[in-house]
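A closer look at the structure
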Amino acid sequence: MYGRVYSRILHRASSYRLKVAYNCPFSSWSPSGPDQRFCTGEESGIWTRSCCQFSTHQDLDFHQNQVQINSILRSNEQTVNVPEFDGRALSSVRKFDSNQLPANTPNEDRRSAATCLQSKGMLFGVFDGHGGWACAQAVSERLLYYVAVAMMPKQTLEELEKCMEHGRPILPILQWYKHHADFNYRESASLYTNHLRVFWQELLDNEEHDEGMSPQEALSCAFKRLDADISLEAQVPLSSDLMKSTAIQVAFAGCTACVAHVGTDGIHVANAGDCRAVLGVQNGDGSWSAVPLSKDHNSQNHAELERIRAQHPPSERDTVVTDDRLLGVLMPLRAFGNVRFKWSLELQQSILASLESGVDLDSLNLYQYTPPNYLTPPYLEVTPEITYHKLRPQDRFLILGTDGLWDEFASEEAVRLVGEHLSGIHLQAPVSPSERKLKLGQMHELLLKRRARASPALDTNAATHLIRYALGTGEYGGLSQERLASMLALPEDLARMYRDDITVTVVYLNYDLARSRHS
C-alpha cells in the first residue's frame, strides 16, 4: 500500500521542471484554480507549477528510525502545568499540551497561551497564516493583549495610563507561556504598544466601560479592533523603513484565528476562518463524544456562503465564491489582514507604490495581483463567530487546531485519540450482529483494526500524539511507522503538496471544579 504512496510522490516530483526559485508562500491562495497554487509566473501573473524547485529521486529518503521520527515530532512540543489556585481564584485549567509541525518553510502557523493577570481566565489561540507568516505572527503577539485589555475594569485601565504618562513600569497584563522557539517582532514593539494604548484610552473615554467587557464582548471587539489597527498601520507614515515594510507585509498577508477564553464557569470561543475548537466529553460508559465549539468559515458552510453573497449585488452572486474560494482565490471566508480583499484597488496601488523603489516586493511576499471580479470591496472581514459553553463535570479537555489537523481526521476521531490517551483505556464496541456473520478473512481484518486501536501511546504530550496519528494512521486505523516516516521525510518542496502546517493545543479542564459547582 505505502509503496504506491512513494510511487505517487516520485511520479509527481518527476513531472515538474527542476528550477531554483523562492519558496512560494501561498497555501490558501489559488488565483487560477485549486491545483495551480505554488508560485507566480512573471509574465502572466498566474501561479504555476513550473517555477518551483522540486527534488530529484535521489533526494527522497523515507528511511527514518524511531529516534529521528520522535526528534522531528517533539521539537516544538510544550507542556505547561497550571497552578490550581493563582492567588485570585481556582483555575478551570489543569494543564495544556501544545505542538506544531510545519509543512511550509518557514512555518505559517502560530499559537499563543496566556493567563489574564488583571482580569480572570486563561486565553489560548491558534493562528493559520496564508500568503506568508507575517500576519499570523503579528496577530499571535497582539490579539490576546487586546482581549485582556477589553475585559479590564476602568480603574485598572486608569492605572495603566498613569504608569505610561509618568514613565513607570506598567502593570503586567498577561502571563505568557512561550515555547523557546517562539519570537516577537522586536522592531515593531513600540508601534504595537502605542496602538494598544490608544485602544485602552478609547475604552477609558467610554462611559459604559466601568467593569470591563464580558469575555464575549471583549473577544468580538478585540478581533475587529486589531484588524483595523493592522490596516491603519500599513497606511500611515512610520519611523523606519523596516517598520513600514513589516506593517505592509502583515496587512497584505492574512491569517485565520481561533481563540478560547477559559473562565471559572465556562468557555468562550471566538473563531474567524477554518481553525477549529472541539470539546472532549466523557460519557457515563467511559466513551468519548466531540462537541463542536466553532464552525468552519469556508465554502462548505452554506450559511457563510449566503452571508457573503447577501453583502454584494445580485449580479455578483455567481462570482463572489467560485471553485470553493473567495473570488476564486482564498479558501477561508473570514480572516485577519488580507487587505487585497478589503481595500479599494486605488488604495492598494498607492500603498505598494509608497515603498522605497529598491524594495523587492517578492521578498516581502507581496504580489501585484488583483483578484478576478473585484467590483464591490470589501469581500472579507474578521468578525468572529462566538460560542459559549458552560462547563460540566463530564467536560474533560478542549482541542484547538489549525486546519492542517482537521484535514487529516474528523473532530470525533481527534477527541477519541486524546480521550484514550488521557484515560489509557481503549474502549471497543461489542461485535455487532452483522459483524458476527463476517467471513474468516473479514473477521481477521476486524481483529487487526481492533488491535491497532489498542496500541500503547508513544508520547506523553497529547498534541504530539494527535500529530503522530494525523500523519501516521495506517490501513487498520493504527499507527504505521512506514507511512509516518514517509510523511516526515518529504523535502520541503514536496511536503506542502501532501499536508499542511499543523498546530494543536489540548487544554485539560478542571472537572473537579465543575463537579463541586454542580453538587
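Structural notes, computed from the coordinates. For clarity, every value in this text was computed on a predicted model and none was experimentally measured.

Helices and strands together make up the secondary structure of the chain, namely 17 helices and 17 strands. Here the chain holds 519 residues, and the buried ones make up 54% of them. The contacts in the chain between residues at least 6 apart in sequence include a share of 75% that link residues at least 24 apart. As displayed, the chain has an accessible area near 22900 Å², and 51% of this comes from carbon and sulfur atoms.

What follows concerns the sheet that holds strand E4 (residues 93–101). The 6 strands are arranged E3-E4-E17-E16-E10-E11 in an open sheet whose pairing can be described as antiparallel. Unpaired on one side and paired on the other, strand E3 (78–81) and strand E11 (288–292) mark the two borders of the sheet. Sheet twist, expressed as the mean angle between neighbouring strand axes with direction ignored, is 20°. For strand E10 (residues 276–282) and E11, the ladder comprises 5 bridges, and the chain directions are antiparallel. When the bridges of E11 are listed, Val278 appears paired with Pro292.

Scanning all chains against the criterion turns up 19 salt bridges. The salt bridge involving Arg225 is made with Glu202; its shortest N-O contact spans 2.6 Å. With Arg225 in helix H6 (residues 215–233) and Glu202 in helix H5 (residues 189–205), this residue pair connects regions lying 23 residues apart in the sequence. For Glu202, a relative accessible area of 42% puts it in the partly exposed group. The partner of Arg307 in a salt bridge is Glu304, and the shortest N-O contact between them spans 2.7 Å. With Arg307 and Glu304 both in helix H8 (residues 302–310), this residue pair falls 3 residues apart, about one helical turn. Across the pair, exposure class does not vary: Arg307 and Glu304 are buried alike. Among the charged side chains, a network of salt bridges with common partners joins Glu304, Arg307, Arg334 and Glu381.

Moving on, we come to helix H2 (residues 66–74). Along H2, the positions that sit buried rather than exposed are Ile69, Asn70 and Leu73. Seen from one end, H2 has its buried residues packed into an arc of 95°, which puts them on one side. Where H2 is buried, its residues touch E4, helix H14 (462–472) and helix H15 (481–489). Two or three places before Val67, at the start of H2, stands the capping residue Asn65, its side-chain oxygen 3.1 Å from that residue's backbone nitrogen.

Between helix H4 (residues 154–165) and H5, whose axes approach to 10 Å, the crossing angle comes to 135°. The angle between the axes of H4 and H5 places the two elements in the oblique class. Pair H4 / H5 crosses with left-handed handedness. Each of Lys154, Leu157, Glu158, Leu160, Glu161, Met164 and Glu165 in H4 lies in contact with H5, whose residues at this interface are Thr193, Arg197, Trp200, Gln201, Leu203 and Leu204. Taken together, the residues that form the contact of H4 with H5 break down as 6 nonpolar, 2 polar and 5 charged.

A separate point is the pairing of strand E9 (residues 266–272). With respect to burial, E9 is a largely interior element, 7 of its 7 residues being buried. Where burial is concerned, the two faces of E9 agree: the one with Gly266, His268, Ala270 and Ala272 and the one with Ile267, Val269 and Asn271 are both buried. Note: strand E8 (residues 254–262) against E9, 6 bridges, orientation antiparallel. The residue bridging Cys258 from the neighbouring strand is Asn271, located in E9. Hairpin connection between E8 and E9: a loop of 3 residues separates the two successive antiparallel strands. Sheet topology places E9 next to strand E15 (residues 385–390); 6 bridges connect them, and they run antiparallel.

For the rest of this paragraph, the subject is empty space enclosed by the protein. Inspection of every chain in the model, using the stated rule, returns 3 cavities of 30 Å³ or more. Of the voids in this model, the second largest cavity is the one considered here, and its volume is about 60 Å³. What lines the second largest cavity is Gln78, Phe96, Ser98, Arg111, Ser112, Ala113, Tyr177, Lys178, Asp182 and Thr505. A total of 3 residues in the lining of the second largest cavity trace back to one element, the largest contributor, which is strand E5 (residues 109–116). Classifying every residue of the lining of the second largest cavity by side-chain character gives 3 nonpolar, 4 polar and 3 charged.

In a disulfide, the sulfur atoms of two cysteines are covalently bonded to one another. In this structure the tally under the stated criterion is 0 disulfides. Between Cys258, a cysteine without a disulfide, and Cys275, which holds the nearest cysteine sulfur, the sulfur-to-sulfur distance is 6.3 Å. Given the relative accessible area of 0%, Cys275 is considered buried.

In this fold, Gln137 is placed in helix H3 (residues 134–151). Note on Gln137: relative accessible area 1%, which makes it buried. Each C-alpha atom of the pair Gln137 and Asp182 lies 9.6 Å from the other, and the pair is 45 residues apart in sequence. Setting aside its immediate chain neighbours within four residues, Gln137 contacts Arg110, Phe183, Asn184 and Tyr185. A polar atom in the side chain of Gln137 sits 2.6 Å from the backbone oxygen of Phe183.

Of all 7 residues in strand E16 (residues 395–401), 7 are buried; the element is thus mostly enclosed. Pairing of E10 with E16 involves 6 bridges; the strand directions are antiparallel. Across the sheet, Leu279 pairs through a bridge with Leu398, a residue of E16. Pairing between E16 and strand E17 (residues 502–509): 5 bridges, direction antiparallel. Considered in E17, the bridge of Leu398 is made with Val507.

Rules and cut-offs
Residues numbered from 1 in each chain as written. Predicted model: local features only at pLDDT ≥ 70, side-chain atom pairs only at ≥ 80, totals over all residues. Heavy atoms only, no water. Helix = DSSP H or I, 4+ residues; strand = E, 2+ residues; numbered from the N terminus. Buried < 20%, exposed > 50% of the residue type's maximum accessible area, 1.4 Å probe, protein only. Contact = heavy atoms within 4.5 Å. Areas by Shrake-Rupley, 256 points an atom, 1.4 Å probe, with all protein chains shown as cover. Pairing = 2+ DSSP bridges. Axes fitted to C-alpha atoms, helices over the stretch in contact; angles between N-to-C directions. Salt bridge = Lys/Arg side-chain N within 4 Å of Asp/Glu carboxyl O. Arc of directions from axis to C-beta. Polar contact = N/O pair within 3.5 Å; in protein donor to acceptor, adjacent residues only side chain to side chain. Parallel < 35°, antiparallel > 145°, perpendicular 65-115°, else oblique. Left-handed = near helix turned anticlockwise from the far one by under 90°. Nonpolar A, V, L, I, M, F, W, Y, C, P; charged D, E, K, R; others polar. 1 Å grid on protein atoms, 1.4 Å probe; cavity = no way out; pocket = protein on both sides within 12 Å on 5 of 7 lines; lining within 4 Å. Points joined across faces, edges and corners; volume = space filled by probe spheres on them. Disulfide = S-S within 2.5 Å.

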